[in-house]
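Topology and contacts: notes
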Amino acid sequence: MAAELDGGHDAPEGSQPVHRRWLAAPDVVDVFVYTVVLALAVEFFPQVLSESFVLTLLTAVLLKLVLELVVWVKAALLRRIRTAASLWRRVISIATLILVLPGSKFVVLELTALVFGGSVRLGGFFLVTALIIVLMLARGGVRRLLRAT
């Protein structure tokens, strides 16, 4: 599985490289978990709106893509902070990370509005922040549960 995730770049000499699948099982599970969390948010919070199940599912796919990108950017920034050769580079990386944390919530809100118009609303900044925290916790919990079996 580890070779599957790294794209096979470190494959032993003479062996066939194993390439990362474009869509892996954990990605599908994440989308299902996000769909359930979004459907529950629509049910319990009037500020969260999705006009149909298909839109909820498509919103979950959009959130999966955006959150994966945000996690990748945060990890890259953390690497830059740890490996910074100078104080200024470290300060700039920390400042960028501080901007990315709340900025990613605005990206989620704006992308959702752009892609789905008024058919999907995720509430405001604080509600989408809470929603993303719950999405990540649920994703981690389900992954941990599946790993234990």
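Shown above is the structure to which this text applies.
What comes next concerns the included structure.

Procedures and definitions
Sequence positions are assigned chain by chain, starting from 1 and proceeding in written order. With pLDDT at 70 or above as the cut-off, local features in this predicted model cover only qualifying residues; side-chain atom pairs require 80 or more to be listed or tallied, and sums for whole chains, interfaces and linings still use all residues. Calculation of side-chain values draws on the structure's entire complement of heavy atoms; hydrogens and water are dropped beforehand. Take the buried residues of types Ala, Val, Leu, Ile, Met, Phe, Trp, Tyr and Cys, join any two whose side-chain atoms come within 4.5 Å, and each joined set is a nonpolar core. Three labels apply to residues, based on accessible area from a 1.4 Å probe with only protein chains included: buried if under 20% of the type maximum, exposed if over 50%, partly exposed otherwise in between. Helix numbering and strand numbering both begin at the N terminus, where a helix is a DSSP run of H or I of at least 4 residues and a strand a DSSP run of E of at least 2. Only one rule defines a salt bridge in this text: a Lys or Arg side-chain nitrogen within 4 Å of an Asp or Glu carboxyl oxygen. In this analysis, two residues are considered to be in contact whenever any of their non-hydrogen atoms come within 4.5 Å of each other.

Next up on the list: the nonpolar core. If you look at the biggest cluster of nonpolar residues, it comprises 24 residues, and the most contacted ones within it are Leu63, Val108, Leu122, Leu131 and Leu135. The set of elements that each furnish at least two residues to this core consists of helix H2 (25-44), helix H3 (53-83), helix H4 (87-116), strand S2 (120-122) and helix H5 (125-148). The biggest single contributor to this core is H3, with 7 residues.

The next point concerns the pattern of salt bridges. Scanning all chains against the criterion turns up 6 salt bridges. Asp30 is paired through a salt bridge with Arg139; the nearest N and O atoms lie 3.7 Å apart. Of this pair, Asp30 sits in helix H2 while Arg139 is found in helix H5, placing the two residues 109 residues apart along the sequence. On the basis of relative accessibility, which here comes to 0%, the residue Asp30 falls in the buried class. By sharing partners, the salt bridges in this structure join Asp27, Asp30, Lys64, Glu68, Arg139 and Arg143 into a single network.

Attention now goes to the side chain of Thr35. Counting through the fold element by element, Thr35 comes out in helix H2. Relative accessible area serves as the criterion here: at 5%, Thr35 is assigned to the buried category. Excluding anything up to four places from it in sequence, Thr35 contacts Phe53, Thr56, Leu57 and Ala60.

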